[in-house]
Amino acid sequence: MALAQAERDGWVGYYRRDWRGVLAAAVRMVRLGFGMSWPRTLRGAWFVLRANQLWAPYPENDPVAARDYMRRFYALVARDGEMSLDPAKAARLEVEWWRVHRLHQRDGQLVEGDLCQALVELYSYVYRVDPVDVTPAAEHRVRAMRHSDEWVLAGCDLDDPLLADELAELVASYSSLLKAVQR
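Bear in mind the structure is a predicted one, so any value in this text is a computation, not a measurement.

## Description of helix α1 (residues 2-16)
Stage number 1. Between its first and last C-alpha, α1 extends 21 Å over 15 residues, near the 21 Å set by a 1.5 Å rise per residue.
Stage number 2. Looking only at α1, the buried set comprises L3, A4, A6, E7, R8, G10, W11, V12, G13, Y14 and Y15.
Stage number 3. Phi turns positive one or two residues past the end of α1, at R17, with a value near 55°.

## With respect to helix α5 (residues 87-107)
Stage number 1. In this model, α5 (21 residues) spans 29 Å end to end at C-alpha, consistent with the 30 Å of a helix rising 1.5 Å per residue.
Stage number 2. Along α5, the residues classified as buried are P87, A90, A91, L93, E94, V95, W97, W98, V100, H101, R102 and L103.
Stage number 3. Taken together, the buried residues of α5 touch α1, α3 (38-55), α4 (63-79), α6 (112-127) and α7 (131-153).

## A look at the nonpolar core
Stage number 1. By size, the foremost hydrophobic cluster in this structure holds 63 residues, and its most contacted members are M70, F73, Y74, W97, W98 and V126.
Stage number 2. Residue assignment for this core shows that the elements contributing at least two residues are α1, α2 (19-34), α3, α4, α5, α6, α7 and α8 (162-182).
Stage number 3. Top element by residues in this core is α6. It accounts for nine residues.
Stage number 4. Each residue touching F73, except ones within four places of it in the same chain, is listed here: V30, F34, M36, G44, F47 and V48.

## Some details on the side chain of E166
Stage number 1. Mapped onto the secondary structure, E166 falls in helix α8.
Stage number 2. No salt bridge is formed by the buried E166. Its closest oppositely charged neighbour is R8, at 5.2 Å.
Stage number 3. If we skip the residues at most four places from it in the chain, E166 touches R8, W11, A144, H147 and S148.

## Focus on the packing of aromatic side chains
Stage number 1. The full count for this structure, using the stated rule, is seven aromatic pairs.
Stage number 2. Pairing Y14 with Y15 gives two aromatic rings, centres 4.9 Å apart and planes at 85°, and the pair type is edge-to-face.
Stage number 3. Since its relative accessible area comes to 9%, Y14 is described here as buried.
Stage number 4. Of the residues examined, Y15 reaches a relative accessible area of 19% and is grouped as buried.
Stage number 5. Members of the aromatic cluster, each reached through a chain of ring pairs, are Y14, Y15 and W19.
Stage number 6. Across from the ring centre of Y14, 5.0 Å away, lies the NZ or CZ of R17, which sits over that ring.
Stage number 7. The lysine or arginine in question, R106, covers the ring of Y58, its NZ or CZ lying 4.3 Å from the ring centre.

Rules used throughout
Numbering of residues starts from 1 in every chain and runs along the sequence as written. Where totals are concerned, whole chains, interfaces and linings use all residues; where local detail is concerned, this predicted model gives features only for residues with pLDDT of at least 70, and gives and counts side-chain atom pairs only at 80 or more. No hydrogens and no water enter the side-chain calculation; it runs on all heavy atoms of the structure. The numbering of helices and of strands both runs from the N terminus, where a helix is a DSSP run of H or I of at least 4 residues and a strand a run of E of at least 2. Expected helix span is taken as 1.5 Å per residue step, with the number of steps being one fewer than the number of residues. Exposed residues in this analysis have more than 50% of their type's maximum accessible area, buried residues have under 20%, and partly exposed residues fall in between, with area computed by a 1.4 Å probe over protein chains only. What makes two residues a contact is simply this: any of their non-hydrogen atoms within 4.5 Å. Remark: nonpolar core denotes a set of buried residues (Ala, Val, Leu, Ile, Met, Phe, Trp, Tyr, Cys) joined through side-chain atoms within 4.5 Å. Charged-residue counts in this description rest on Lys and Arg as positive and Asp and Glu as negative, His and the chain ends being excluded. What counts as a salt bridge is simple: a side-chain nitrogen of Lys or Arg found within 4 Å of a carboxyl oxygen of Asp or Glu. Working definition: a ring pair exists when centres of Phe, Tyr or Trp rings (six-membered ring for Trp) sit within 6.5 Å. Plane angles under 30 degrees give stacked, over 60 give edge-to-face, the rest tilted. Only when the NZ of Lys or the CZ of Arg is both within 6 Å of the ring centre and within 35 degrees of the ring normal is a charge said to sit over the ring.

Structure (structure tokens):
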């Protein structure tokens, strides 16, 4: 699935601080995931990139600015009329799962269940579906993050088989999410 590949490429770029790679992946994710026009896709991808760049520094990141860029992104999504959502709430939920993942990944403070719950809250809000229906998608995405985190700890080698495992879980996650949204 092309969307899962784009997301995996975005994560790879993020952890290698390859911002061109992140932008290219964000363009593909926004276009495939939301079907915006090309000008809106490029603008939305830029907002996603900037949010990620502001979130990336550890431990000195800027969550307020990251949320603001994600709010701008979700405002573009909402403006297209396909999704009825409050951009500020969607951005808060988006950056919240980033925060929970960082606490889990870097500090070991939270467990994968906390990360899964943060994703369920985002998915159920953005896609207007029952939380139970999006739980399998969140669980697969958490497993993808586990593979990604292991890949980072192993040194971010592009030939590492963990990247294939990560991609397989992202494919399963997007497949589950699609099923939930189409119900």
